[in-house]
Number of protein chains: 2
Amino acid sequence: MSTQTHAPLIATSQSMHFAAPLALQSGASLRDYTLAYETYGTLNADKSNAVLVCHALNASHHVAGVYANQAHSEGWWDNMMGPGKPVDTERFFVIGVNNLGSCFGSTGPMHTHPDTGQVYGADFPVVTVEDWVNAQALLLDALGIHQLAAVMGGSLGGMQALSWTLQHPERVRHAVVVASAPNLTAENIAFNEVARRAIVTDPDFHGGHFYQHGVVPKRGLRIARMVGHITYLSDDVMNEKFGRELRNAVADSATGYRYSTQDVEFQIESYLRYQGDKFSEYFDANTYLLITRALDYFDPARSYGGDLSAAFARTAAKFLLVSFTTDWRFSPARSREMVRALLDNQRDVSYAEIDAPHGHDAFLLDDARYMNVVRSYFERIAQETMHAGGAA
Amino acid sequence: MSTQTHAPLIATSQSMHFAAPLALQSGASLRDYTLAYETYGTLNADKSNAVLVCHALNASHHVAGVYANQAHSEGWWDNMMGPGKPVDTERFFVIGVNNLGSCFGSTGPMHTHPDTGQVYGADFPVVTVEDWVNAQALLLDALGIHQLAAVMGGSLGGMQALSWTLQHPERVRHAVVVASAPNLTAENIAFNEVARRAIVTDPDFHGGHFYQHGVVPKRGLRIARMVGHITYLSDDVMNEKFGRELRNAVADSATGYRYSTQDVEFQIESYLRYQGDKFSEYFDANTYLLITRALDYFDPARSYGGDLSAAFARTAAKFLLVSFTTDWRFSPARSREMVRALLDNQRDVSYAEIDAPHGHDAFLLDDARYMNVVRSYFERIAQETMHAGGAA
């Protein structure tokens, strides 16, 4: 661990407009679009120290640092990226990009469709992991970066990192794929479908054109978030944090129960309702549909008859994969599938299975072994980058 | 396995009215009520061969057999109970009782509140596992049965079987507790809460008085059932049955996808939607709230500071517990907790952990080892019953 003290990293949200249409995997296209992004650190002279960080479901391009004069504005992976942190912004030029279809700055369902002058809403085209990677590549082109020292992401972000190594093998030296999977299982898709049905069948959804009606399908968003949240946590950590604790036990009852089907009884209910309420205040319903669908669709082995080893023959990068023992959403078994398929292709792969109690959420949390694994790996990348002639 | 052929068991739904009020655990009471039940086989002269079968969430008193002239009307545990089956109705007198608060015949939210002349709806009092057991005991009194040869149930039914051994230890010789738990974990409660919120926030719920409005909160019921259904299955069996198969692959697309956030793409989505739709056609929303709450509340160790061994000191029965390896809703670890607590009290316990791929649903399915374990255990009960002087 670094013992130096560092000035806080101040983040600035930027955006870039792209006037040329983007052809999407579905056959549709976006006529023009904007990508919101942030960068931290300094791009070196030969532009060899760039690290692209891809975000998961409800995150954004605000990966690290804080916004000036804005309390509690830490980026979602601020424990991982910054001066002296495992991905050290004093050595690497880190880039976060908000994905198309999101609701945090890049063009998405809340923006105006240039052909109709109406808000896109449900008419925003379906976007895939591959589309996001293509858009990210165009941003890198505009920033003059041909090759990434590394692409890194957790969960859905890990899928993007993986897809980079398949779509643009020559542009990626290292891929860091954390708590991810080569595709969703039927159970994963099932949970996504529950969330989508909750949103779509909310009367306030109005077929995805709720903006015109001045309402938001909050009931559906709440349910979607509650379901999602359960799958991010492990059974163990839920028992440890909440167990069967009551919110307000009734003093003169032998059990403490108030005997109600609708009031909150257990702490876990209170927690979940709070998470659902909070989410429904800021997240766009159409974005939720798009992002869960991008998760469902990702499956690079699909056009190889399910043969992941064949799909991975295109890769040229070196890999670090990390999984967490209690993650039942993207279990270690899924990471091991990817490790095996890479080894089948004689790729350089490091793999760490971290014994952590926190379930899928562990990829966002501090864990000494996890942090050290990433730190060491980026030390190695920094060494290679310097030896290759770049001043990392 | 029996090689005899047996005439099909014809079931007849019966009901019994109770005019005396039933005091409930919550402090409320039911002024009068009806219990729907069925019996199979013949009660012997000394009434020593009775087996009470308790039902789980969406089942009923129709445990075994078929209704005369009604196709596909097999009881929910017809593979387990009947002539020559593991619980052999040629030896045992099997009783199924519909629980209070249900929507299949016993007094519940769809019935009329005797004090107001209005449909109960959300005013139906909260009922607990303990209340159900007390009502079942009153039915047995009316049938002249003092002691059960066995009480048996799976999942929530197993909780009732367990509760029988605590509330009426002298009335139970054997308890068969399948795929159950001594209480719900935080994760179990969390999934129940998602289901309840989906129902309660459906605008058609009308605070639980939707009957007057001529509507049913089907959106909420569908979501509730979809969530529930996922937790009944294992990840493995979902992958085996559905995997990532598409419903109607597009022929001229490289991936087969139709690229839609709202249409069905994957078979698992189609299956879940079908399950949700079917459930919403027949299940009562208030019943769903009541039954999930009964699950949440059950916790016999609660008044013993969480000490299950202390709670089980009251038991006098012999036990068979069964769990299934892939059941993540009521995992084998939960059954082992109960086994240990019973052994702490020197109780006679048999335990079988069945290696089955089907998750929680396995308790309803045919599995040779599972069926044989139950069959052998009931052979033993039959032997004991005969030696005790009864003509089993």
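Scroll up for the structure.
From a predicted model like this one, the values you see are computed outputs, not experimental measurements. Throughout this document, residue positions are counted from 1 along each chain, in the order its sequence is written. Starting at A for chains and at 1 for ligands, labels are handed out in the order in which the entities are written. Local features are withheld for residues below a pLDDT of 70 in this predicted model, meaning they are given only at 70 or higher, and side-chain atom pairs are given and counted only at 80 or more; totals for whole chains, interfaces and linings count all residues. Hydrogen atoms and water are omitted, and side-chain values are computed over all heavy atoms in the structure.

Observations regarding the sheet that holds strand β6 (residues 50-54) of chain A
Residues and elements named next belong to chain A.
1) Next: One bridge is not enough; two strands pair if DSSP finds at least two bridges between them. Helix numbers and strand numbers start at the N terminus; a helix is a DSSP run of H or I with at least 4 residues, a strand a run of E with at least 2. If you trace the eight strands from one edge of the open sheet to the other, you get β2-β5-β10-β6-β11-β12-β13-β14, paired in mixed fashion. Either end of the sheet is taken by a strand with one partner, and the two such strands are β2 (14-18) and β14 (349-354). When strand polarity is set aside, the average angle formed by the axes of neighbouring strands in this sheet is 20°.
2) Next: Examined bridge by bridge, strand β12 (residues 174-178) and strand β13 (residues 318-324) share five bridges and lie parallel to one another. When the bridges of β13 are listed, His-174 appears paired with Lys-318.
3) Next: Only heavy atoms matter for contacts: two residues are in contact if any of them lie within 4.5 Å across the pair. Here the axes come from fitting lines to C-alpha atoms, over the contacting stretch only for helices, and the angles between their N-to-C directions go from 0 to 180 degrees. In this fold helix α2 (residues 156-167) packs onto β6, β11 (150-154), β12 and β13, with an angle of close to 150° to the strand it touches most, β11.

As for the side chain of Thr-315 of chain B
All names here are of chain B.
1) Next: For Thr-315, the location among the structural elements is in the loop between α8 (308-311) and β13 (318-324).
2) Next: The exposure class assigned to Thr-315 is buried, which follows from its relative accessible area of 2%.
3) Next: In the analysis that follows, any N or O atom pair within 3.5 Å is treated as a polar contact, provided that within protein one partner can donate a hydrogen and the other can accept it, and provided that, for residues neighboring in sequence, both atoms belong to side chains. One polar contact links the side chain of Thr-315 to the main-chain carbonyl oxygen of Phe-312, over a distance of 2.7 Å.
4) Next: Non-local contacts of Thr-315, meaning those with residues more than four positions away in its chain, are made with Thr-165, Leu-166, Leu-342 and Arg-347. Throughout this description, buried means an accessible area under 20% of the type-specific maximum (1.4 Å probe, protein chains only), exposed means over 50%, and partly exposed covers the range between.

Focus: the pattern of salt bridges
1) Next: We count a salt bridge whenever a side-chain nitrogen from Lys or Arg sits within 4 Å of a carboxyl oxygen from Asp or Glu. In the structure shown here, the tally under the stated rule is 42 salt bridges over all chains.
2) Next: Put simply, Asp-277 of chain A and Arg-222 of chain A hold a salt bridge, and the shortest N to O gap is 2.8 Å. Within this pair, whereas Asp-277 of chain A is found in helix α6 (residues 267-282), its partner Arg-222 of chain A is found in helix α4 (residues 218-232), the two being separated by 55 residues in sequence.
3) Next: Since its relative accessible area comes to 26%, Arg-222 of chain A is described here as partly exposed.
4) Next: A salt bridge links Glu-193 of chain B to Arg-273 of chain A, with the nearest nitrogen and oxygen atoms 2.6 Å apart.

Some points on the layout of surface pockets
Any space left empty among the atoms is revealed by the rolling of a water-sized probe across them.
1) Next: Think of a 1 Å grid over just the protein atoms. A cavity is a set of points where a 1.4 Å probe fits yet cannot get out, a pocket is an open set with protein on both sides within 12 Å along at least five of seven lines, and lining residues have an atom within 4 Å of a point. Grid points are joined across faces, edges and corners, and a volume is the space filled by probe spheres set on the points. Its volume calculated, the largest pocket comes out at about 1,000 Å³.
2) Next: With four residues, the top contributor of residues to the lining of the largest pocket is α6 of chain A.

Things to note about the packing of α6 of chain A against helix α3 (residues 186-200) of chain B
1) Next: Between α6 of chain A and α3 of chain B, the shortest axis-to-axis distance is 9 Å and the interhelical angle comes to 50°. On the basis of their axis angle, the class for α6 of chain A and α3 of chain B is oblique. As α6 of chain A runs across α3 of chain B, the sense of the crossing is right-handed. Along its contact with α6 of chain A, which presents Ile-268, Glu-269, Leu-272 and Arg-273 of chain A, the element α3 of chain B presents Ala-186, Ile-189, Ala-190, Glu-193, Arg-196 and Arg-197 of chain B.
2) Next: Polar here means any residue outside two lists: the nonpolar Ala, Val, Leu, Ile, Met, Phe, Trp, Tyr, Cys and Pro, and the charged Asp, Glu, Lys and Arg; Gly therefore counts as polar. Residue composition of the contact of α6 of chain A with α3 of chain B, by class: five nonpolar, no polar and five charged. Put simply, angles under 35 degrees are roughly parallel, angles over 145 are roughly antiparallel, angles from 65 to 115 are roughly perpendicular, and the rest are oblique. With the far helix as reference, a near helix turned anticlockwise by less than a right angle produces a left-handed crossing, and one turned clockwise produces a right-handed crossing.

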